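# Coordinate inspection notes
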Amino acid sequence: MTVLVFSFSLLGAMALGMPIAFALLVCGAALMVFQGQVDATILSQKLLEGADSFPLLAIPFFMLAGELMNAGGISKRIVNFALAWVGHMRGGLGLVAVFASVLMAAISGSAAADAAAIGAMLVPMMRRAGYNVPRSVGLIAAGGVIAPVIPPSIGLIVFGVIANVSIGKLFLAGVFPGLMMGLALLITWQWVARRDQVAVLPRQSMAARARAGVDGIWALLMPAGIIGGMKFGIFTPTEAGVAACVYAFAVGAFIYRELPLRQVYGLLVSAAKSTAVVVFLIAAALVSAWLITISDVPQQVAALLRPFMFNKILLMFVIMLLVVIVGTALDFAPTLMILTPVLMPVVREAGIDPVYFGVMFIMNNAIGLITPPVGIVLNVMCGVAKISMAELMKGLWPFLWAELFVLLLLVLFPSLVMVPLRWLS
C-alpha cells in the first residue's frame with residue numbers, strides 16, 4: 001500500500017504539471033499523512049539538511065567551469081585540435097565529433113551543453129560536406145550523453161550524495177565506461193557511414209597539427225589536471241570544481257583572451273540559476289528519500305525483486321531494464337532522484353558494489369537523455385540542427401543501440417568497470 005501511495009502521489013503531482021522538486025515534496029507529505037505523523041517542521045528541517053552538504057558545493061563550481069569553458073574558447077580549440085588530426089579521414093567529421101565529445105565530457109559534465117556546443121560548430125560543416133544530416137546529428141547527440149559518465153559528472157556527484165557513496169571513487173570508475181561508449185560510437189559511425197560519398201577535408205601538415213596542439217594545449221590539460229589531481233590526492237572532487245573554475249577563467253581571460261571580464265557576471269548568474277534548480281531538487285529528493293526509508297518502501301521493492309537476488313548479474317539486468325523503461329518517460333534528474341533511494345537498499349542487500357551500481361545507473365540515465373519522447377538532448381539537437389524529431393530518430397538508432405550494447409556488456413562483465421578503478425586508485 002505504501003508503494004501505491006508513493007507512486008500515486010508522485011505521478012499525480014507530476015501529471016498536474018508540478019515541477020519535480022515540488023512533486024517530491026508533495027510525495028513526502030502524502031507519505032507522512034499516510035503514516036499519521038504530519039509535521040511541517042520535519043519537512044522544512046529535512047529540506048534544509050538536504051541542501052547542507054559539502055559535496056554539493058562541487059555542483060556550482062563545475063557548472064561555472066562549463067560556462068567559462070564555452071565562453072572562453074576552450075570548446076572551440078578542442079574541436080579544432082580534433083579536426084587537425086582526424087578531420088582528413090573518410091567520415092572524419094564524425095570522428096571529430098566523438099573525440100570532441102569525450103574531451104569535453106572530461107571538462108563540463110553537461111550532456112546538453114556539450115552536444116549543443118559541438119553541434120553548433122560541426123553540423124554546418126557536415127551539412128556542407130554532404131554528410132547525412134540526421135545521422136550526423138544523431139552521432140553528436142549520442143556523443144553528448146558521455147558527459148554524465150566521464151568525470152567531472154554532476155550526475156555522479158548527485159548520486160554520491162543521495163546514496164552516500166564516495167564521489168572520488170565514482171569519478172574514477174566512470175572513466176573506462178565513458179571511453180567504451182566513445183569507442184562504440186566510433187566503430188558504429190565507421191560502419192554506418194562507410195559508403196557515404198562525402199567531401200573529405202584536406203590533410204593538415206604536421207606544422208598545422210603542431211599549431212593546433214599548441215593552441216589547444218591549455219584546453220587539453222584541463223581534464224588531465226582534474227582527474228590527476230583527484231587520483232593523487234591533491235584535491236577532493238569539490239576542490240576540483242574550484243580548480244576547474246580558476247583554470248577555465250585564467251585560460252579564457254588571460255591566455256586565449258576570448259573571455260571579457262564584463263561577461264563574467266552574466267556567466268556567474270547563469271551558473272547560479274542552474275545550481276539553485278539542481279540543489280533544490282536534491283534537497284527535495286532527500287526529504288522524500290528519508291520518508292521512503294522510514295515507510296519501508298525499499299523493503300517492499302526488495303520483496304518484488306527478491307526472486308532475482310540469487311544472481312547479481314540477473315538482478316542488475318532487471319534493474320537496468322527498469323531504468324531504461326522509466327528513462328523513456330522521465331528525464332535524467334527525476335529518474336535519478338526518485339529511484340536512487342528506492343534501489344540502493346536492494347543493491348546493498350544483494351551485495352552489489354555501490355560504486356559499480358552508481359556508474360551503471362548514471363550511464364543508463366544518461367542514455368535516457370536520447371530516448372524519445374522526453375530526452376532533453378534530442379530536443380536541444382533538433383533546435384541546433386533545425387530538423388524534426390522524426391528525422392533525428394532515424395539517424396540516432398544505430399548509436400543508441402551501440403550505447404545500450406555497452407551497458408549490457410558492463411552488466412555481464414562488471415570487472416570492466418571495477419578493475420580499471422583499482423588501477424587508477
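Residues numbered from 1 in each chain as written. Predicted model: local features only at pLDDT ≥ 70, side-chain atom pairs only at ≥ 80, totals over all residues. Heavy atoms only, no water.

## Some details on the overall build of the protein chain
- A count of helical and extended segments in the protein chain gives 20 helices and zero strands.
- Seen through its principal axes, the protein chain has C-alpha atoms that stretch 75 × 45 × 45 Å.
- Classification of the 425 residues of the protein chain by burial places 55% in the buried group.
- Of the contacts formed within the protein chain by residues at least 6 apart in sequence, a portion of 79% connects residues at least 24 apart.
- Looking at the protein chain as shown, the accessible area adds up to about 17600 Å², and 70% of this sits on carbon and sulfur atoms.
- Separation between the mean location of the 23 positive side-chain charges and that of the 15 negative ones in the protein chain comes to 15 Å. (Helix = DSSP H or I, 4+ residues; strand = E, 2+ residues; numbered from the N terminus. Buried < 20%, exposed > 50% of the residue type's maximum accessible area, 1.4 Å probe, protein only. Contact = heavy atoms within 4.5 Å. Areas by Shrake-Rupley, 256 points an atom, 1.4 Å probe, with all protein chains shown as cover. Lys, Arg positive; Asp, Glu negative; His and termini not counted. Charge placed at Lys NZ, Arg CZ, Asp CG, Glu CD.)

## Quick word on the packing of helix α9 (residues 154–163) against helix α10 (residues 167–192)
- Interaxial distance between α9 and α10 falls to 9 Å at its minimum, and their mutual angle equals 140°. With respect to their mutual orientation, α9 and α10 come out oblique. Classified by chirality, the crossing of α10 by α9 is right-handed. On α10, the residues touching Leu 156, Ile 157, Phe 159, Gly 160 and Val 161 of α9 are Ile 167, Leu 170 and Phe 171.
- In terms of residue class, the contact of α9 with α10 is built from seven nonpolar, one polar and no charged. (Axes fitted to C-alpha atoms, helices over the stretch in contact; angles between N-to-C directions. Parallel < 35°, antiparallel > 145°, perpendicular 65-115°, else oblique. Left-handed = near helix turned anticlockwise from the far one by under 90°. Nonpolar A, V, L, I, M, F, W, Y, C, P; charged D, E, K, R; others polar.)

## Quick word on the packing of aromatic side chains
- Per the stated rule, a full pass over the model turns up 10 aromatic pairs.
- Summarising the aromatic geometry, the rings of Phe 357 and Phe 361 are spaced 5.4 Å apart at their centres and angled 10° between planes, so their arrangement reads as stacked. Here Phe 357 and its partner Phe 361 are both found in helix α17 (residues 354–367), four residues apart, which amounts to about one turn of the helix.
- Residue classification places Phe 361 among the buried residues on the basis of a relative accessible area of 0%.
- Feature note: the residues Tyr 131, Trp 189 and Phe 399 constitute an aromatic cluster, connected by ring pairs.
- Directly above the ring of Tyr 256 sits Arg 77, whose terminal nitrogen or CZ lies 3.7 Å from the centroid. (Phe/Tyr/Trp six-rings, centres within 6.5 Å; stacked < 30°, edge-to-face > 60°. Lys NZ or Arg CZ within 6 Å of the ring centre and 35° of its normal.)

## With respect to the nonpolar core
- Core analysis: the biggest nonpolar cluster contains 158 residues, and Ile 74, Phe 159 and Phe 357 have the highest contact counts within it.
- Among the elements that make up this core, the one with the highest residue count is helix α13 (residues 261–294) (12 residues).
- With residues up to four places along the chain from it excluded, the contact list for Phe 357 reads Phe 159, Met 316, Ile 319, Met 320, Leu 343, Met 344, Val 347 and Ile 352. (Core = buried A, V, L, I, M, F, W, Y, C linked by side-chain atoms within 4.5 Å.)

## Quick look at the packing of helix α5 (residues 74–86) against helix α7 (residues 111–128)
- The geometry of α5 relative to α7 is characterised by a closest axis approach of 10 Å and an angle of 35° between their N-to-C directions. Taking contact as the criterion, the partners of Ser 75, Lys 76, Val 79 and Leu 83 in α5 are, on α7, Met 121, Leu 122 and Met 125.

## A few points about the pattern of salt bridges
- For the structure shown, the criterion picks out four salt bridges.
- One salt bridge connects Glu 258 with Lys 76, and the closest N-O pair in it is separated by 3.1 Å. Of this pair, Glu 258 sits in the loop between α12 (237–255) and α13 while Lys 76 sits in helix α5; the two residues are 182 residues apart in sequence, bridging distant segments of the chain.
- Among the residues examined, Glu 258 registers a relative accessible area of 28% and is labelled partly exposed.
- The exposure class assigned to Lys 76 is partly exposed, which follows from its relative accessible area of 36%.
- For Arg 77, the salt bridge is made with Asp 215, and the minimal N-O distance between the two is 3.2 Å. One end of the pair, Arg 77, is in helix α5; the other, Asp 215, is in helix α11 (residues 206–231), and 138 residues separate them in sequence.
- Judged by relative accessible area, Arg 77 falls into the buried class, the value being 9%.
- Exposure remark for Asp 215: the relative accessible area of 34% places this residue in the partly exposed category.
- Sharing partners across several salt bridges, the network here consists of Lys 76, Arg 77, Asp 215 and Glu 258. (Salt bridge = Lys/Arg side-chain N within 4 Å of Asp/Glu carboxyl O.)

## Observations regarding the side chain of Asp 114
- Along the chain, Asp 114 turns up in helix α7.
- Although buried, Asp 114 forms no salt bridge, and the nearest oppositely charged side chain, Arg 77, lies 15 Å from it.

## Digging into α10
- Given a rise of 1.5 Å per residue, 26 residues ought to cover 38 Å, and the 37 Å separating the end C-alpha atoms of α10 matches this to within 8%.
- Of all bends in α10, the biggest is about 30°, found at Val 175, and the proline Pro 177 comes one to four residues later.
- Two or three places before Lys 169, at the opening of α10, Ser 166 has a side-chain oxygen 3.2 Å from that residue's backbone nitrogen. (Expected span 1.5 Å × (residues − 1). Bend = angle between axes of the 7 residues up to and from the residue. Polar contact = N/O pair within 3.5 Å; in protein donor to acceptor, adjacent residues only side chain to side chain.)

## Details of a nonpolar patch on the surface
- Judged by side-chain polarity, Phe 310, Ile 313, Leu 314, Phe 317, Leu 321, Ile 325, Leu 408, Leu 412 and Phe 413 come together as a nonpolar surface patch covering roughly 840 Å² of accessible area.
- If one sorts the elements of the nonpolar patch by residue count, helix α15 (residues 312–327) sits on top with five residues. (Patch = residues over 30% accessible without salt bridge, like charges linked within 9 Å, V, L, I, M, F, W, Y side chains within 5 Å.)

## Examining helix α16 (residues 332–350)
- The end-to-end C-alpha separation of α16 is 25 Å, in line with the 27 Å expected for 19 residues at 1.5 Å each.
- Burial runs high along α16: 15 of the 19 residues are buried.
- Of the residues flanking the end of α16, it is Gly 351, one or two places downstream, whose phi is positive at about 80°.

## Focus: unusual backbone geometry
- At the junction of Pro 151 and Pro 152, the peptide bond is cis and its omega measures out at 0° in the coordinates.
- Along the chain, Pro 152 turns up in the loop between α8 (133–144) and α9.
- The backbone of Arg 257 sits at a positive phi, close to 55°, despite the residue not being glycine.
- Taking relative accessible area as the criterion, Arg 257 reaches 69% and is therefore assigned exposed.

## What to know about the environment of Ala 385
- Within the fold, Ala 385 resides in helix α18 (residues 376–385).
- Remark: the alpha-carbon pair of Ala 385 and Ile 78, spanning 307 residues in sequence, is separated by 20 Å.
- The contacts of Ala 385, once residues within four sequence positions are left out, are Val 123, Arg 127 and Val 137.

None of this, on its own, says anything about what the molecule does.
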